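Residue strings, one per chain:
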Amino acid sequence: MPLVIAMDGPSGSGKSSASKGVARALGLRYLDTGAMYRAVTWWMLREGVPVRDAAAVAARAGEPVIESGTDPGAPSIAVDGTDVSGPIRTREVTNAVSAVSSVPEVRARLVALQREIIGTGGIVVEGRDIGTVVVPDAPVKVYLTASEEVRAQRRARDLATDPAASVTLTQAEQARRDRLDSTRTTSPLTRADGAHEIDSTEMGLGEVIEAVVRLAKETQT
Ligand code: DC
């Protein structure tokens, strides 16, 4: 059976870098489902939809056409044919994405699209509900964590070009987003049954990639 590796965990746990690294090491495709929720959020903001009004978001959830590239060396995301890889990383989108992604109509649409892209497998998929909802029978499930401080430092480094992104502020915004993502009614972030927990607080990226590659090889023997 082609391999599906589900990588879930909170923001700043190192999921993206690790997922891309694992996909490259094993010659698999890569899907960033967070980018899909960000793309829908970007579209809602651009359309002037009040993102904290769940009914307003639900009413428009079927409209944006999302296209995700799956090359781990050059991941891409487009909405209605426009590349939004840059704009989806702004603080405005980051601070609105939890509200939009908690709307069941948004999730239903994106989960269907994710399953279509995953197809028969051969892919590393990162997100919050991959092992619990999107592909609960994935042969390899990982729950990647790190201490709150280390996660905020990593995020602030990612956002180094944004002068407002101090570690303290990033930590506060991140804690808020994690709380929303973990306590929402539909598909909250939680460790899936059978998921291997990897705490990356004291680990380098290479070590995390190695640990996941080892898990993948174990399941295939
Ligand atoms: O991984 P990220 O920070 O780019 O994800 C952005 C947001 O999208 C995150 O705050 C929660 C949401 N998300 C989700 O609800 N389910 C997923 N599978 C992936 C992301």
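Structure: above.
Caption draft 1: Just the side chain of lysine 15, in detail. The residue lysine 15 is located in helix 1 (residues 15-26) in this model. For the buried residue lysine 15, which engages in no salt bridge, the nearest side chain bearing the opposite charge is glutamate 126, 4.4 Å off. Among residues more than four places away in sequence, those in contact with lysine 15 are Met7, Asp8, Gly9, Pro10, Glu126, Gly127, Arg128 and Leu144.

Caption draft 2: Focus on the site of the ligand. Contacts to the ligand come from 16 residues, most closely from Arg38, Arg107, Asp129, Asp181 and Arg184. One nitrogen or oxygen atom from the side chain of arginine 107 is found 2.7 Å from an oxygen atom belonging to the ligand. Here arginine 128 contributes a side-chain N or O atom positioned 2.9 Å from an oxygen atom of the ligand. Compared with its free state, where it exposes 440 Å², the ligand has 97% of that area covered by protein. Every element with two or more residues in the shell around the ligand is listed here: helix 2 (33-46), helix 4 (91-101) and helix 8 (167-183). For the shell around the ligand, the element with the most residues is helix 2, which contributes four residues.

Caption draft 3: Representation of the sheet that holds strand 3 (residues 66-68). Pairing in this open sheet of three strands is antiparallel, and the strands run 3-4-5 from one edge to the other. Strand pairing shows two members of the sheet lacking a second neighbour, strand 3 and strand 5 (82-83), which therefore form its edges. Examined bridge by bridge, strand 3 and strand 4 (residues 77-79) share three bridges and lie antiparallel to one another. Residue pairing in the sheet places serine 68 in a bridge with isoleucine 77 of strand 4. Packing against the sheet, helix 2 makes contact with strand 3 and strand 4, and its axis sits at approximately 30° to strand 4.

Each value, and the rule that gives it
Residues numbered from 1 in each chain as written. Predicted model: local features only at pLDDT ≥ 70, side-chain atom pairs only at ≥ 80, totals over all residues. Heavy atoms only, no water. Helix = DSSP H or I, 4+ residues; strand = E, 2+ residues; numbered from the N terminus. Buried < 20%, exposed > 50% of the residue type's maximum accessible area, 1.4 Å probe, protein only. Lys, Arg positive; Asp, Glu negative; His and termini not counted. Salt bridge = Lys/Arg side-chain N within 4 Å of Asp/Glu carboxyl O. Contact = heavy atoms within 4.5 Å. Near = heavy atom within 4 Å. Polar contact = N/O pair within 3.5 Å; in protein donor to acceptor, adjacent residues only side chain to side chain. Areas by Shrake-Rupley, 256 points an atom, 1.4 Å probe, with all protein chains shown as cover. Pairing = 2+ DSSP bridges. Axes fitted to C-alpha atoms, helices over the stretch in contact; angles between N-to-C directions.

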